[in-house]
Amino acid sequence: MKNILYRIGMFGVAALTLTSCLDEDPLFDPEKTTGIIEFVEQAPLVAVGSVYPLNKLTFEAVPADQIEVIVQYSGAYDAPEDLVVTVELSPSDLPAYNADQGLTGVDQYVMLDAGSYTLPGGGSTVSVTIPKGEKRVSFMIDVKPDKFKFDANYAIPLKISSASSGVVSGNFGHMIYAVIPNNQWAGDYDHTYSGSLGSGSNVVHMTTIGEFRTTSSLIGVYSNQTIIEIDPVNNYASVISVSGLGNATNYPENFWDPATKTIHVKYTVGSRTMTETYVKK
């Protein structure tokens with residue numbers, strides 16, 4: 001009986017304690033949170049958990065284009081007042097990112113040539129205002145993609161250097177915009193294939209990885225990446241390698257026809273021989 005009464009008594013104490021805890025202020029009170037000022041990514045981040053976030057943005061070789069930079073007030077509510085935010089170029093972010101990711105040589109990111117982009121006002125600093133009652137503001141960086149080069153990985157690094165209110169994000173207070181020029185072979189292709197892996201047709205997307213190289217999924221079916229290179233002198237098309245399978249041996253009949261935008265390749269990789277034709281859409 002005493003044991004029963006003891007348990008009841010302890011339950012009562014626990015109940016009173018719980019009631020007391022519930023009457024206190026909650027651990028998270030939206031009314032008391034401070035808004036976070038941060039950049040919004042424009043593309044999937046290249047490396048999650050890196051020292052700074054990096055976006056890869058691709059461009060056609062046109063004389064003029066733009067990068068939209070979005071600054072956000074992140075919190076439970078909209079901006080409580082006009083928030084003046086200063087954004088500036090941060091060249092030191094690039095060597096820090098390279099070191100963090102173990103990038104060396106041609107794999108490193110370097111500053112885009114000054115003549116290939118312009119911030120609003122023409123300087124290295126931009127001031128923007130997130131209006132009261134709103135969450136975002138954006139500005140445009142003018143870029144000249146036809147001046148982009150393929151000899152290095154070029155980027156524009158930015159940081160939020162100050163805000164009139166709120167706290168600058170520790171994770172997204174910096175943003176690196178890597179600019180990737182598309183070569184003429186990047187894009188979607190009607191694709192037919194036959195050989196050791198079967199035969200069929202589908203649509204394949206080719207992505208630029210160099211001035212004369214693209215990569216795409218193996219026969220448009222497998223996740224292995226096929227690297228194709230075009231010789232600009234004789235328009236010979238060759239499969240360089242297929243990831244997971246090794247380097248390829250090519251046949252003499254391979255070609256790129258600029259008039260019909262057709263790539264035709266026959267190649268052997270490992271014990272597999274494939275013939276493929278790509279016609280650009």
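Brief notes about the overall build of the protein chain
Inference 1: On a plain count of helices and strands, the protein chain comes out with two helices and 21 strands.
Inference 2: Contacts in the protein chain between residues at least 24 apart in sequence constitute 62% of all its contacts with a sequence separation of at least 6.
Inference 3: Entry remark: accessible area of the protein chain is about 15000 Å², with carbon and sulfur atoms responsible for 54%.

Focus: the sheet that holds strand β10 (residues 167-168)
Inference 1: Strand order in this open sheet of five strands is β6-β8-β3-β1-β10, and the pairing throughout is mixed. Only two strands of the sheet have a single partner each, and these edge strands are β6 (117-118) and β10.
Inference 2: The pairing of strand β1 (residues 36-40) with strand β3 (residues 65-74) spans five bridges and is classified as antiparallel. Residue pairing across strands places I37 opposite Y73, the latter belonging to β3.

Concerning the confidence of the model for the protein chain
Inference 1: In the predicted model, the protein chain carries a mean pLDDT of 89, and 88% of its residues have values of at least 70.
Inference 2: pLDDT under 50 marks residues 1-32. Its contacts with residues more than four places away, or in other chains, come to five contacts.

Some points on unusual backbone geometry
Inference 1: In this model, N235 sits at a positive phi of 60°, which is unusual for a non-glycine residue.
Inference 2: Examined against the element boundaries, N235 turns out to sit in the loop between β15 (222-230) and β16 (237-242).
Inference 3: Assessed through its relative accessible area of 23%, N235 is described here as partly exposed.
Inference 4: You will see that K261, though not glycine, has its phi angle at about 55°, which is positive.
Inference 5: Mapped onto the elements of the fold, K261 is located in the loop between β19 (255-257) and β20 (262-269).

Here's the deal with the pattern of salt bridges
Inference 1: Taken as a whole and judged by the stated rule, the model has four salt bridges.
Inference 2: Close ionic contact of D190 with K281 constitutes a salt bridge, the shortest N to O distance being 3.0 Å. Of this pair, D190 sits in strand β12 (residues 187-195) while K281 is found in the segment after β21 (272-280), placing the two residues 91 residues apart along the sequence.
Inference 3: As a salt-bridge pair, E229 and R213 come within 2.7 Å of each other at their nearest N and O atoms. Of this pair, E229 sits in strand β15 while R213 sits in strand β14 (residues 213-218), placing them 16 residues apart in sequence.
Inference 4: What makes E229 partly exposed here is its relative accessible area of 28%.

Regarding the packing of aromatic side chains
Inference 1: Counted according to the given criterion, the structure contains five aromatic pairs.
Inference 2: Consider the rings of F59 and F148, whose centres lie 5.7 Å apart with planes at 85°: the pair is edge-to-face. Here the residue F59 occupies a position in strand β2 (residues 54-59), and F148 occupies one in the loop between β8 (136-143) and β9 (153-163), the gap between them amounting to 89 residues.
Inference 3: A relative accessible area of 5% places F59 in the buried class.
Inference 4: Arranged with centres 5.9 Å apart and planes meeting at 80°, the rings of W185 and W256 form a pair that is edge-to-face. Residue W185 is located in the loop between β11 (174-181) and β12, and its partner W256 is located in strand β19; the two are separated by 71 residues in the primary sequence.
Inference 5: Note on W256: relative accessible area 6%, which makes it buried.
Inference 6: Feature note: the residues W185, F212 and W256 constitute an aromatic cluster, connected by ring pairs.
Inference 7: The aromatic ring of Y251 is capped on one face by K266, whose charged end is 4.7 Å from the ring centroid.

So, the pairing of β15
Inference 1: Across six bridges, β14 lies against β15 in antiparallel orientation. Note that in β15 the partner of T214 across the bridge is I228.
Inference 2: Linkage of β14 to β15, two consecutive antiparallel strands, is achieved through a turn of three residues, within which I219 is found at a positive phi near 45°.
Inference 3: Bridge count between β15 and β16: five bridges; the pairing is antiparallel. Paired with I230 across the two strands is A237, which belongs to β16.
Inference 4: Turn length for the β15-β16 hairpin, with the two strands adjacent in sequence and antiparallel, is six residues, and the turn residue N235 shows positive phi of about 60°.

Rules behind the numbers
Residues numbered from 1 in each chain as written. Predicted model: local features only at pLDDT ≥ 70, side-chain atom pairs only at ≥ 80, totals over all residues. Heavy atoms only, no water. Helix = DSSP H or I, 4+ residues; strand = E, 2+ residues; numbered from the N terminus. Contact = heavy atoms within 4.5 Å. Areas by Shrake-Rupley, 256 points an atom, 1.4 Å probe, with all protein chains shown as cover. Pairing = 2+ DSSP bridges. pLDDT = per-residue confidence, 0-100. Buried < 20%, exposed > 50% of the residue type's maximum accessible area, 1.4 Å probe, protein only. Salt bridge = Lys/Arg side-chain N within 4 Å of Asp/Glu carboxyl O. Phe/Tyr/Trp six-rings, centres within 6.5 Å; stacked < 30°, edge-to-face > 60°. Lys NZ or Arg CZ within 6 Å of the ring centre and 35° of its normal.

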